[in-house]
Amino acid sequence: MSAKHCVLAYSGGLDTSAIVPWLIDQGYVVHAVLVDVGQSEDLPALREKALSLGSETAVVRDAKPEIFEKVVPYALGLGATYEGVYRLGTALTRPFIALEQIRRARELGGGTLIHGATGKGNDQVRFEYAYRSLAPDYPVLAPWKSWEFGGRQDLIDYLANKGLEGDYEVIKDYSLDENFWHLSVEGGVLEDPTSTLEVDRVLASVADRFGGNAHAKPPSKTLEIKIEEGLPVSINGESVAPDRTIARLNSDYRHEPWSWDLVIENRFTGVKSRGLYINPAAKLLHIAVDALSRSCLNKPTFDYYVNLGHQYAAMLYRGEYFSDQRMILESAARAVMRSLNGDVTVNLSPTPYVSRINADRPLFCEEIATFEKSDFSHQDAQGFIRLSWQSAVGQPFSEAENESAMEPNARPASEVCRDQSVSGAGLVSSAL
Ligand code: ARG
């Protein structure tokens, strides 16, 4: 197939809808791929839309089974958040959208790979890293980097001029990305952090998206979550697979006042952005797994675990899914997650908190932790402090030196250490 054929990751939104006729204007034959990542949209209707915009072919591919098998276990079991808050909804799906696109291009015998991400965001990196890793010989085109349009209104005008009007006005204020995990809202009023944000108004304007019909009242006040090897296996006694659990929690709790996270994040491109992420399932499951990890893991393993979560999140955020580091992080994650087993009760009001942890093999020991009388030997702590101080601090530190260290022309730390070393050593040995 000639390079004038192209395979577009088509979402049905404004950007990729404008890209179809634009590509045709550039002489391309367009093959659209709509990837099902759990967005609550009518995908067959969007497929028709891609065709009506001029695509030669349009196919729907379901990436959910692969996403649930390959990446969700780690996003859940590691409680992975980027910069401590963002639960990665968009970052989880992008590599798998690119993968479906590449598979389609291979079926067609080649073609240029096209995505609709802008030059400001992370998504361009995620798509193009995946293309480079998996299909380095395929040409790539990102229309946002070469076309004449400057913003969303330009795209609406362009489509209208071609007689291809759509319902783009409804959501034109925001950039939305929706999947099985979250609905992300960026742009619009979120772009000015100095003006007071009315989250309720933003939520109301996107209320019809994400997770089907709202329940008048959430179905439970508490959730008993059974976790095996870091993953939820049953909720309130009913066995449910993680994909069903996530779908159900998202649909049941998406209107709760705690269902979202609002954060300014550092994009990989260096541009800061502000996002509202509606992701109640991820929030609840992260809270539950976190509580279990605190009960089950010893201190060094817990530190590794927390760090693994940060590393895994940052790796995914930067789009490095098809890489050695992902494999390394996942094998370490599996080793830690094996220890995360037990039941966790999450109370949902006023905001979710863990009211009970029943770990299969807890390291939290009431006999030791209690403030009441127990077999614990308080005398043991004397020796513990003497010995651990020796390695943690090792020499006395005078109050006068402490004060002078705060002054602008303080003596260098090396001089202070020299003066103290003799008396310090004497004091320690006499104490022991
Ligand atoms: N800031 C988030 C991320 O980089 C969300 C991006 C959402 N993408 C979008 N095209 N609206 O993962």
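Because the structure is predicted, anything quoted here is derived from the model rather than measured.

Each value, and the rule that gives it
Starting from 1, residues in each chain are numbered consecutively following that chain's sequence as written. For a predicted model such as this one, the threshold for reporting local features is a pLDDT of at least 70, and the threshold for listing and counting side-chain atom pairs is 80 or more; totals across whole chains, interfaces and linings nevertheless cover every residue. Computation of side-chain values covers all heavy atoms of the structure but excludes hydrogens and water. Exposure categories follow from relative accessible area, calculated using a 1.4 Å probe and restricted to protein chains: below 20% of the type maximum is buried, above 50% is exposed, and the middle band is partly exposed. A run of H or I in DSSP counts as a helix once it spans at least four residues, and a run of E counts as a strand once it spans at least two, with each numbered from the N terminus. Pairs of strands are assigned from DSSP output, requiring at least two bridges between the strands. Contacts: residue pairs with any heavy atoms within 4.5 Å of one another. The axes used here are C-alpha line fits, helices contributing only the stretch in contact, and every angle between their N-to-C directions lies in the interval 0 to 180 degrees. Every case where a carboxyl oxygen of Asp or Glu lies within 4 Å of a side-chain nitrogen of Lys or Arg is listed as a salt bridge. To define a nonpolar core, start from buried Ala, Val, Leu, Ile, Met, Phe, Trp, Tyr and Cys residues and group those joined through side-chain atoms within 4.5 Å.

Undergrad: In this structure, what is going on with the pairing of strand 12 (residues 272-278)? I would like to understand it.
TA: If a strand is regular, its side chains alternate between the two faces of the sheet. The buried fraction of strand 12 amounts to six of the seven residues, a majority that puts the element mostly inside the structure. Bridge count between strand 7 (residues 183-186) and strand 12: four bridges; the pairing is antiparallel. Looking at the pairing, E186 lines up with G275 of strand 12. Inspection of the sheet shows strand 11 (residues 260-266) paired to strand 12 by seven bridges, in the antiparallel sense. Bridge pairing in strand 12 links V263 to G275. The turn joining strand 11 and strand 12, which pair antiparallel and follow one another in sequence, is formed by five residues; a positive phi near 95° is taken by G270.

Undergrad: Is there a simple way to think about the sheet that holds strand 1 (residues 5-9) in this case?
TA: By definition, the strands of a sheet pair up through backbone hydrogen bonds, in either a parallel or an antiparallel sense. Read across the sheet, five strands follow the order 3-2-1-4-5 without closing on themselves; strand pairing throughout is parallel. Since the sheet does not close on itself, it has two edges, and those belong to strand 3 (57-62) and strand 5 (140-141), each with one partner. Across six bridges, the pairing between strand 2 (residues 29-36) and strand 3 is parallel. Paired with V35 across the bridge in strand 3 is R61. With respect to the sheet, helix 1 (residues 14-25) is in contact with strand 1, strand 2, strand 4 (112-114) and strand 5, its orientation differing from that of strand 1 by roughly 175°.

Undergrad: It is not clear to me how the pattern of salt bridges should be interpreted in this structure. Could you clarify?
TA: Side chains bearing opposite charge may pair, as long as their charged atoms lie close to each other. Applying the stated criterion across every chain, the model contains 25 salt bridges. Between D261 and R87 there is a salt bridge, with its nearest N and O atoms 2.9 Å apart. Within this pair, whereas D261 is found in strand 11, its partner R87 is found in the loop between helix 4 (72-77) and helix 5 (89-108), the two being separated by 174 residues in sequence. Like D261, the residue R87 is buried in the burial classification. One salt bridge connects R126 with D123, and the closest N-O pair in it is separated by 2.8 Å.

Undergrad: Teacher, can you tell me more about unusual backbone geometry here?
TA: The bulk of non-glycine residues show a negative phi, and the bulk of peptide bonds are trans. In the segment running from S349 into P350, the intervening peptide bond is cis, with an omega of 0°. Unusually for a residue other than glycine, L88 sits at a positive phi of about 80°. Its place among the elements puts L88 in the loop between helix 4 and helix 5. One non-glycine residue, E229, lies in positive phi territory at about 50°. With respect to the helices, strands and loops of the structure, E229 is situated in the loop between strand 8 (222-228) and strand 9 (231-235). Judged by relative accessible area, E229 falls into the partly exposed class, the value being 45%.

Undergrad: Before we go on, may I ask you to explain the side chain of S295 in this structure?
TA: Among the structural elements, S295 can be located in helix 10 (residues 280-296). Those residues in contact with S295 that sit more than four places away from it in its chain are I357, A359, P362, L363 and F364.

Undergrad: Mind showing me how you'd approach the nonpolar core here?
TA: Nonpolar side chains tend toward joint burial in soluble globular proteins. In terms of nonpolar packing, the biggest core is built from 73 residues, with V71, V72, L88, W181, I246 and Y312 touching the most fellow members. Of the residues forming this core, the biggest block, nine residues, is contributed by helix 5. Discounting residues that sit within four places of it in the chain, V72 has contacts with I67, F180, W181 and I246. If you look at the next biggest cluster of nonpolar residues, it comprises 28 residues, including L43, W144, W147 and L155.

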